[in-house]
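Structure assessment
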Amino acid sequence: MVLQDRITMSWIQVNKKLPSTSRVKQKAKSTLHFALWKKTFLHMCIVKGKTALNVMGVGSGSGEIDLEILRQLQLQHPGAKVDNEVVEPSSDMLQKYKDLVAKTPDLDHVTFTWNNMKTSELEKDWKERNPEKKMDFIHMIQALYYVEDTEAAILFFQSLLEKNGKLLLILVSGEGSWAKLWKTYGLQFGKTDISQSVTMGDIRSLLDSRRIPYQKHELPSKMDITSCFTSGDEKGELLLDFLTEVPDFSKNASPELRAGVLDLLRGPDCTQEVDGRIIFNNNLEALLLGP
């Protein structure tokens, strides 16, 4: 199992330990804030009146978000046929996606193309297979952490857009607690590649330097991490794995690193204390780009 899959599984395990009401509020990285942003600006992503849509999901994981996007597009464009390109480097995740499709009704209008490859591999494959094909909507939700060249990936996918197409990027906020944690301890977490700790602040700087216009949307969220500060708490240990993206963080980290991380998480740069609970700033940002 690759690291991304293991971290996702850690968060799923955390959710199983939470009371049911908390599980509704605290979702895995791959599903954070979808209900919020789909109501805010998904309707802005595709021109009305189209009878055929070319859609691409990059880093689609096990497919839950992709299928919800497809459902929303069907509501907004009734009767439209959808050609859905799925880009996912993890074979395990891609199989879960296929299994989900197999048991999901009302997908007769969608054709799926499965691309079990990295974005860098897709670029070469695309030029050989689909050099003229353009996309109406491409979404990269929490995917840019795992690409080898962030700038090249964004420019490539932007180049695939139709005249009125849209590229949606969602990442952790450049002003949130994730950014502070990763910028401080990223190298010690094994994040040797800058893209592994990239935030939307980095992406905005990149786009601004190239004078590429975009629409920005804030996706506010908070996460209760109180259990991280109780030694031996199972949910707390899984949360630390999720926050650091280091499996079995408490076992594998030095005592000094673990203490430093907890001190930072307990401080005002990362959290607030509300009614005796330690609340982590879990904000995300979404950017919408044209061709």
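Just so you know, the residues in each chain are numbered from 1, in the order the chain's sequence is written. Per-residue local features are limited, in this predicted model, to residues with pLDDT of at least 70; the limit for side-chain atom pairs, both in listing and counting, is 80 or more; totals at the level of whole chains, interfaces and linings are taken over all residues. Heavy atoms from the whole structure form the basis of all side-chain values; hydrogens and water molecules are not counted.

Structural notes on the overall build of the protein
Helix and strand assignments follow DSSP, with helices taken as H or I runs no shorter than four residues and strands as E runs no shorter than two, numbered in order from the N terminus. Along the protein, the regular secondary structure elements total 12 helices and 10 strands. Relative accessibility decides the category of a residue: with a 1.4 Å probe and only protein chains considered, values under 20% of the type maximum give buried, values over 50% give exposed, and everything between is partly exposed. Out of the 291 residues belonging to the protein, those deemed buried represent 54%. It only takes one pair of heavy atoms within 4.5 Å for two residues to be counted as in contact. Intrachain contacts of the protein at a sequence separation of at least 6 include 79% that bridge at least 24 residues. Counting every atom, the protein has about 13,700 Å² of accessible surface; 50% of that belongs to carbon and sulfur. Residue exposure ignores everything except the shown protein chains as possible cover, and the areas themselves are Shrake-Rupley values with a 1.4 Å probe.

A word on the nonpolar core
In this description, a nonpolar core means a group of buried Ala, Val, Leu, Ile, Met, Phe, Trp, Tyr and Cys residues linked to one another through side-chain atoms lying within 4.5 Å. Ranked by internal contacts, the top residues of the largest apolar core, which has 81 residues, are Met56, Phe157 and Ile203. Setting aside anything within four residues of it in sequence, one finds Ile203 in contact with Leu144, Thr150, Ile154, Leu169, Leu171, Val198 and Leu287.

A few points about the environment of Asp92
Checked against the element boundaries, Asp92 lands in helix α5 (residues 91-102). Of the residues examined, Asp92 reaches a relative accessible area of 45% and is grouped as partly exposed. Placed 31 residues apart in sequence, Asp92 and Gly61 show a C-alpha to C-alpha distance of 8.8 Å.

Quick look at the pairing of strand β9 (residues 277-281)
Burial analysis of β9 places 4 of its 5 residues in the buried class, which makes it a mostly covered element. Here the rule is simple: two strands pair whenever DSSP picks up at least two bridges between them. Across 3 bridges, strand β7 (residues 222-224) lies against β9 in antiparallel orientation. When the bridges of β9 are listed, Met223 appears paired with Phe280. Here 4 bridges tie strand β8 (residues 271-274) to β9, and the two strands are oriented antiparallel to one another. Bridge pairing in β9 places Val274 opposite Arg277.

With respect to helix α12 (residues 255-266)
Here α12 spans 16 Å end to end across 12 residues, near enough to the 16 Å set by a 1.5 Å rise per residue. For α12, every residue scored as buried is listed here: Leu257, Arg258, Gly260, Val261, Leu262, Leu264 and Leu265. Turning to α12, the residues buried within the fold contact α8 (177-185), α10 (234-244), α11 (249-252), β8 and β9. For a helix, the expected span equals 1.5 Å multiplied by the number of residues minus one.

What about the packing of helix α6 (residues 119-129) against helix α7 (residues 150-159)?
Interhelical geometry of α6 versus α7 gives an angle of 35° and a closest axis separation of 10 Å. Pair α6 / α7 crosses with left-handed handedness. In this structure, α6 uses Thr119, Leu122, Glu123 and Trp126 to contact α7, whose residues at the interface are Ala153, Phe156 and Phe157. Under the scheme applied, nonpolar residues are Ala, Val, Leu, Ile, Met, Phe, Trp, Tyr, Cys and Pro; charged residues are Asp, Glu, Lys and Arg; polar residues are all the others, including Gly. Class assignment of the residues belonging to the contact of α6 with α7 gives a composition of 5 nonpolar, 1 polar and 1 charged. Where helices are involved, their axes are fitted lines through C-alpha atoms of the stretch in contact, as for all axes, and angles between N-to-C directions lie from 0 to 180°. Should the near helix be turned anticlockwise from the far one by less than a right angle, the crossing is termed left-handed; should it be turned clockwise, right-handed.

A look at the sheet that holds strand β5 (residues 161-172)
Reading across from one edge, β3-β2-β1-β4-β5-β10-β6 is the order of the 7 strands in this open sheet, with mixed pairing throughout. Taken across any chain shown, the strands that pair with only one partner, and hence form the sheet edges, are β3 (110-115) and β6 (215-219). Going across the sheet, the axis of each strand differs from the next one's by a mean of 15°, ignoring polarity. Two strands pair when backbone bridges link them, and β6 and strand β10 (residues 284-289) are joined in this way by 5 bridges, in the antiparallel orientation. Across the sheet, residue His217 finds its bridge partner in β10, namely Ala286. Contacts between α7 and the sheet are confined to β1 (52-58), β4 (135-141), β5 and β10, with β5 contributing the most and set at about 150° to the helix.

So, the packing of α10 against α12
Look at α10 against α12: their axes get within 12 Å of each other, and the N-to-C directions meet at 85°. The angle between α10 and α12 falls in the class roughly perpendicular. Seen from α10, the contacting residues are Glu237, Leu240, Leu243 and Thr244; seen from α12, they are Arg258, Val261, Leu262 and Leu265. In terms of residue class, the contact of α10 with α12 is made up of 5 nonpolar, 1 polar and 2 charged. Roughly parallel refers to an angle under 35 degrees, roughly antiparallel to one over 145, roughly perpendicular to one between 65 and 115, and oblique to any angle outside these ranges.

Remarks on the pattern of salt bridges
Close approach of charged atoms allows side chains of opposite charge to pair. For this document, the term salt bridge refers to a Lys or Arg side-chain nitrogen within 4 Å of an Asp or Glu carboxyl oxygen. On inspection of all chains with the given rule, the structure shows 18 salt bridges. Asp224 is the salt-bridge partner of Arg277, the closest N and O atoms lying 2.9 Å from each other. Of the two residues, Arg277 is situated in strand β9 and Asp224 in strand β7; the sequence distance between them amounts to 53 residues. With relative accessibility at 22%, the residue Asp224 sits in the partly exposed group. Where salt bridges share partners, they join Asp83, Glu85, Asp125, Arg129 and Lys133 into one cluster.

Concerning the confidence of the model for the protein
Detailed reading of the predicted coordinates is not advisable wherever pLDDT is low. The quantity known as pLDDT measures the predictor's confidence residue by residue, on a range of 0 to 100. Looking at the protein as a whole, the pLDDT averages 82, with 82% of positions reaching at least 70. Low confidence marks residues 1-33, where pLDDT is under 50. Its contacts with residues over four positions away, or in another chain, come to 58 contacts.

Observations regarding α7
In an α-helix, one full turn covers 3.6 residues, which means residues spaced three or four apart are oriented alike. All of the buried residues along α7 are Thr150, Ala153, Ile154, Phe156, Phe157 and Gln158. Of the surrounding elements, those touching the buried residues of α7 are β1, α6, β4, β5, α9 (200-209) and β10. Whenever a nitrogen or oxygen atom comes within 3.5 Å of another N or O atom, the pair is scored as a polar contact, on the condition that within protein one atom can donate a hydrogen and the other can accept it, and that pairs from neighbouring residues in sequence are kept only if both atoms are in side chains. Capping of α7 at its N-terminal end is provided by Asp149; its side-chain oxygen lies 3.3 Å from the backbone amide nitrogen of Glu151.

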